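# Close look at the chain arrangement
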Amino acid sequence: MGNSILDVGYSGLLTSQNQLLTTSHNISNANTPGFNRQKLILTTNTSQSTGAGFVGRGVSAATVHRIFNQFLVSQSLQIQSQSQALDSNYNEIKQLDNMLAESTSGLSPTLQKFFTAIQDVATNSSVIPSRQSMLSNAEALVSRFHSMDQRITQIKDGVNTQITSAVAEINSLAGQISQINQQIIWAEGAAGGHPANDMLDQRDDLINQLNKIINTDTVRQTDGTVNVYVGSGQALVVGAQTLSLQAMKSPDAPEKLTIGLMNGSSVIQLPEKQISGGTLGGLLAFRNESLDNAHNALGRIAINLAQTFNAQHQLGMDLNGDMGEAFFNLPSPKVISASTNNIASNITSQITDYSALTTSNYQFSYDGTNYTLTRLSDNTSTTPSNVFPITLDGITVSFASMQANERFQIQPTVNGAKDIAVNITDTTKIAAAAPNRTSAALTNTGTGTISAGSVNPLPLDTNLQQPLTITFTAPGTFDVAGIGTGLPVTGQAYSSGADISFNGFTFQISGSPSAGDVFTITPNNSGVSDNRNILQLGALQSTNTIQNGTATYQSAYGQLVSEIGNKTRELEVTSKAQANLLIQTQNSIQSISGVNLDEEAANLLRFQQVYQASSKVIELSKTLFDSILRFG
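Right, let's walk through the structure included here.

What counts, and at which threshold
- Residues numbered from 1 in each chain as written.
- Predicted model: local features only at pLDDT ≥ 70, side-chain atom pairs only at ≥ 80, totals over all residues.
- Heavy atoms only, no water.
- Helix = DSSP H or I, 4+ residues; strand = E, 2+ residues; numbered from the N terminus.
- Buried < 20%, exposed > 50% of the residue type's maximum accessible area, 1.4 Å probe, protein only.
- Pairing = 2+ DSSP bridges.
- Axes fitted to C-alpha atoms, helices over the stretch in contact; angles between N-to-C directions.

Here S143 shows up in helix α4 (residues 128–190). Of the residues examined, S143 reaches a relative accessible area of 43% and is grouped as partly exposed.

This part takes up unusual backbone geometry. Of note, the bond from L458 into P459 is cis; its omega dihedral lies within 30 degrees of zero at 5°. Residue placement: P459 occurs in the loop between β24 (454–455) and β25 (468–474). Cis geometry marks the peptide bond from L487 to P488, where omega comes out at -5°. One can find P488 in the loop between β26 (477–482) and β27 (489–493). Look at D393: it is not a glycine, yet its phi comes out positive at around 55°.

Take the pairing of strand β11 (residues 266–269) next. For strand β10 (residues 257–263) and β11, the ladder comprises 4 bridges, and the chain directions are antiparallel. Of the residues in β11, the one forming a bridge with N263 is S266. The hairpin turn running from β10 into β11, its antiparallel successor, is 2 residues long, and G264 in that turn takes a positive phi close to 70°.

Read from one edge of the open sheet, 5 strands run β22-β30-β25-β26-β27, paired in antiparallel fashion. Either end of the sheet is taken by a strand with one partner, and the two such strands are β22 (436–440) and β27. Across the sheet, the mean angle from the axis of one strand to that of its neighbour is 20°, orientation sign disregarded. The pairing of β26 with β27 spans 3 bridges and is antiparallel. Each bridged residue has a counterpart across the sheet, and for T477 the counterpart in β27 is A493.

Structural data, given as structure tokens:
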């Protein structure tokens, strides 16, 4: 009887001691990140059968249970991964938004000053200081393009640096997870299958840290380990084995770092669209959805400005009497051969329609039979063909020497803001005047008038400045005399206000000319005060030359500013909402798994009383045993 009471008391003493230890452990780790409250699970010992029925034999500890809600934790990991991605994206795009929307350092003020200087030349076309001011403002505009391009390049470099850092941290965390997987196998094996709660907490905390960087999927195995997958199911941790990620140069754009999975001695590139969530997912989303588009949009404005301004400037005449030359250096498309291509493979591409340019990059590929040009922003492609030229959105490929399955990336506008430059340094080279002048003979008797005329678009006709004489042989017909293609001509039908074009020069005669009336077109010699071409250059400010003739330079820039601003605001709102959702989920987890110090203090008192009572039972057992011995 004494031994039975001793066993019961000892079991109570031991279990209450373990309860006190577990509670103390909970209190000690109340502020430990990732710690989950633990609870000792008790079970009643098998009762002893007697003639008077079953008599209890005390209590025993079954295991130490970790208070853990897998559903809430999985939900928290997903929410946290999305929250980190939004925060990362927002922190990066803020830099871009601040640069573009800055009222003093943005592009709009400098662009406006440039065209104001053009208007000043139009007012004072022969005044050298006005011309110098135009050149100075052109240089300032180019400098602004350069500084914005440099800032965007710095942001791109910063993204590359952060990608490298994130990949290194991912590999470190993956290594730690694999190590603790092995430790859990050993620990639980040595403990007869009892869960290694503190190690499980450590592993969950590591997975939590990993999800802050990249979204992961985890699969728990029967041996207690956890496999970790990234992307579309690429294994990162399998049991105690680890595969490493690597920040690698993109085969199609070496200036970008992308993500590769190391497989032995080779590296397999992971599609960036499959890498979502976490800081890394946010960085890639920012670069692919905002940064690259902004860089291309800025370059498109620079290229379109240079091309349209050059085209009009070359139609005018400078102070020296020479036809205008290119005012700006016109940037060229950037063509990148994939790193897997044969070194001898090459293509010839050019921009054939500047107004049709988009902000997308393009891929030119060859399947061994046909060539395809694809717009990467939405994967719109030309019909596969082996006949050149091949054109999409104003980008034309006129020649290719490629092997099967090779590809080139064409970036039409990315270098626009970087490579634009002022091509003129001499103020006399500004082509403010028109090359020809028109006049009506003073002896004309009819009411006919002739317009100032305009030069046809490039290329210039070699006979542009050859004199022409238009003589009306009757009120409804006229002859044209002069040197040029198709000249002279006779018996031309007259229609008031209709275009008449010879030698690359177009003009209109209106009214009712009489027979014998004469109109002439002559070179604009000594036209130092002529401002007809500079007025045309100034008019480009309000001309829709971008996006297939739907936007001006400034409205295109305004659209860029608006897009980035709206995206920044959207990310700000959604990141805050996601952060609040994360806090709510974490609070729900803490309400279940967190340590409540008041509750644990109450448990200490309760378990202490059980411990003391069990000690009394043991003491009673000793007393009874001693009494039995005295009877003997």
